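Chain by chain, the residues:
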Amino acid sequence: MNKKNKIIALVKIWPVKIAVLFLIAAILFLNSFYLFNHKEEHPQKPIPSDYNAKNLVKPTDIPEKPASLSAQLKIPIVMYHYVEYVQDKGDHTRLSLDTTPYTFESELKSLINEGYQTYFVKDIPKILEGKIKYDLSKAVVLTFDDGYEDFYLNAFPLIKEYHVKATLFPIYDFINKQGFLTDTEIREIIASGLVEIGSHTLDHVGLKHVSSQVAQKQIVDSKKDLEQEFGIKVESFAYPFGAFNNNVMEMVKQASYSAAVSVIPGSIQSENNLFYLSRIRAGFFSYNIAGVLSALKK
Ligand SMILES: [Zn+2]
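What counts as what
- Residues numbered from 1 in each chain as written.
- Predicted model: local features only at pLDDT ≥ 70, side-chain atom pairs only at ≥ 80, totals over all residues.
- Buried ≥ 20, exposed ≤ 12 C-beta atoms within 10 Å, placed from the backbone.
- Helix = DSSP H or I, 4+ residues; strand = E, 2+ residues; numbered from the N terminus.
- Arc of directions from axis to C-beta.
- Contact = placed C-beta atoms within 7 Å.
- Core = buried A, V, L, I, M, F, W, Y, C linked by C-beta atoms within 7 Å.
- Axes fitted to C-alpha atoms, helices over the stretch in contact; angles between N-to-C directions.
- Parallel < 35°, antiparallel > 145°, perpendicular 65-115°, else oblique.
- Left-handed = near helix turned anticlockwise from the far one by under 90°.
- Nonpolar A, V, L, I, M, F, W, Y, C, P; charged D, E, K, R; others polar.
- Pairing = 2+ DSSP bridges.

Take helix α8 (residues 246-254) next. Restricting attention to buried positions, one finds in α8 the residues Val248, Met249 and Val252. On an axial view of α8, the arc spanned by its buried residues comes to 100°, and they lie on one face. Close packing links the buried residues of α8 with α7 (212-230), β9 (236-238) and β10 (259-265). Positioned one or two residues after α8, Ser256 has a phi angle of 70°, which is positive.

This is how it looks when you write it as structure tokens:
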């Protein structure tokens, strides 16, 4: 190849090389720009999942009671966490706990179309006592754990639009923290009359892993603080990570809650498990929650 041909060859190749380099630089820049912005959006690491595999069965120290002493009713309680379009595809915790707003709306539509009634967790003791009219085949309780801000942004507008009831379990000390509900948002949520506020402790500790004194404070003070802050009566409780034992359950009873939800899978509730009500994990559903619920045996 002579000198002239070499130059021609270089001219032909260099624009390609420059274009490739520019493209790589652009990709790197956009990626870091995205990551930087994303970091700003979610600086707080998501708290670990409530859906803890270790807590899917009834603790062994809970005394067995004869089933015949109590009415058993099918009351499906669905457990939601995030309702959003998760931006960070690497955030596996968030992704595993997420229901997209589209799916959530589809689920609500299917419930409405099938004539389902929604109830609060605090209604369950009254349903079991026969004090609230209840259709075994057409009833569901929707629960939202942790009090993420996406509840206000994505779930609450749909709850209002479809006029369904829901029980929200905010973590008291996380209120007003970034990524969580603000007290102003909670006041608006309460004012709708469509959302019951239950307690999910002060700062999301695994109650069976801490001293009785700490557990007691978490259970009692979170109720008192929510009641004083928002001028409401708090009747329902959700165990962080679904972690509890007989001692913790007795403390919840003593603190004058009327019911508590666990992560033990199932939809059959009774007086026996009033303080460790079974729940069904959202995400198990697709768009037709009503169909799934009616097919559920337990
Ligand atoms: Zn939680």
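There is more to say, and it comes next.
Moving on: the nonpolar core. With 69 residues, the main nonpolar core has Ile77, Phe151 and Ala260 as its most contacted residues. With sequence-adjacent residues up to four places away left out, Ala260 is seen in contact with Ser236, Phe237, Ala238, Tyr239, Val252, Phe275, Tyr276 and Leu277.

At their nearest, the axes of helix α3 (residues 101-113) and helix α5 (residues 149-162) sit 10 Å apart, and the two run at 20° to each other. As far as their axial angle goes, α5 and α3 are roughly parallel. At the point where α3 passes α5, the crossing takes the right-handed sense. For the pair α3 and α5, contact is made by Pro101, Phe104, Glu105, Leu108 and Ile112 and by Asn154, Ala155, Leu158 and Tyr162, respectively. When grouped by side-chain class, the residues that make up the contact of α3 with α5 number seven nonpolar, one polar and one charged.

Here we come to the pairing of strand β2 (residues 77-80). Neither face of β2 is left uncovered, since the one carrying Ile77 and Met79 and the one carrying Val78 and Tyr80 both have all their residues buried. The pairing of β2 with strand β6 (residues 139-146) spans four bridges and is parallel. Residue pairing for β6: Val78 is matched across the bridge by Leu142.

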